[in-house]
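Architecture at a glance
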Amino acid sequence: SPLACRTWSTYSQTLTWATPARQQGSEVAPESEVESGSPVLVRPAAAAELAAAGELAVNAYLSAGVLRADDEYRHTVADAAARHIVGTVLVAERSGELVGTASMSRAGLAFAEIALPGESEVRMLAVTPTAWGHGVADELVRGAMDHARAEGSTALVCCVVDSNVPAHRLYA
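An account of the accompanying structure is given in this report. (Residues numbered from 1 in each chain as written. Predicted model: local features only at pLDDT ≥ 70, side-chain atom pairs only at ≥ 80, totals over all residues. Heavy atoms only, no water.)

Here we look at helix α1 (residues 50-64)
- Given a rise of 1.5 Å per residue, 15 residues ought to cover 21 Å, and the 21 Å separating the end C-alpha atoms of α1 matches this to within 8%.
- Among all positions of α1, only Leu 50, Ala 53, Gly 54, Leu 56, Ala 57, Val 58, Ala 60 and Tyr 61 are buried.
- In the core, the buried residues of α1 are packed alongside α2 (73-78), α3 (80-86), β4 (88-94), β5 (97-106) and β6 (119-127).
- Gly 65 occupies a position one or two residues after α1 and carries a positive phi of about 80°. (Helix = DSSP H or I, 4+ residues; strand = E, 2+ residues; numbered from the N terminus. Expected span 1.5 Å × (residues − 1). Buried < 20%, exposed > 50% of the residue type's maximum accessible area, 1.4 Å probe, protein only. Contact = heavy atoms within 4.5 Å.)

What follows is the structure, given as structure tokens:
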């Protein structure tokens, strides 16, 4: 059955994907290949990758203009290890290089802002700027949906600030 994805912000809508579930860590279809022609693999981050995932998220947010260098929230975005303790940090990998990340949490746990009981929440989805426009974010959303399904969640929710226009397009 499809898993609903709802977003929250002044820009808000309910989304439903009927995407078939993939096995966690499976490679995506060829149409999702990015510039290098290599497939994108979405999987849980290894402990040794958490610092790099946090740095990738900070750099992507800075490049997109949704985070300022002097913003205190920068430390929260960088701390993928803290998110890993209470949830799952997903990474998108292409040819052995991390090109994206997203953090997952469940209702009632730290980092879940809007998830209701039975729901999963995706936070801090980010793609390295060199991979923007090549389907990596779409694959991270699909990977997050697969993860939520595997946990038995009834919905995947995300919180998007109004100023993050690229995220609005992603979830539209």
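What follows continues from the structure just given.
Overview of unusual backbone geometry
- Even without being glycine, Ser 95 reaches a positive phi, approximately 50°.
- Residue placement: Ser 95 occurs in the loop between β4 and β5.
- Of note in the backbone geometry, Phe 111 takes a positive phi value of approximately 80° without being a glycine.
- Assessed through its relative accessible area of 26%, Phe 111 is described here as partly exposed.

A closer look at a nonpolar patch on the surface
- A cluster of nonpolar side chains, contributed by Ile 85, Val 86 and Leu 109, occupies part of the molecular surface with about 270 Å² of accessible area.
- Its location among the elements puts Leu 109 in the loop between β5 and β6. (Patch = residues over 30% accessible without salt bridge, like charges linked within 9 Å, V, L, I, M, F, W, Y side chains within 5 Å. Areas by Shrake-Rupley, 256 points an atom, 1.4 Å probe, with all protein chains shown as cover. Salt bridge = Lys/Arg side-chain N within 4 Å of Asp/Glu carboxyl O.)

A word on the nonpolar core
- Ranked by size, the top nonpolar core spans 20 residues in total, and within it Ala 92, Met 104, Val 122, Val 136, Leu 140 and Leu 156 carry the most contacts.
- Among the elements of the structure, β3 (40-44), β4, β5, β6, α4 (136-150) and β7 (155-159) are those that each provide at least two residues to this core. (Core = buried A, V, L, I, M, F, W, Y, C linked by side-chain atoms within 4.5 Å.)

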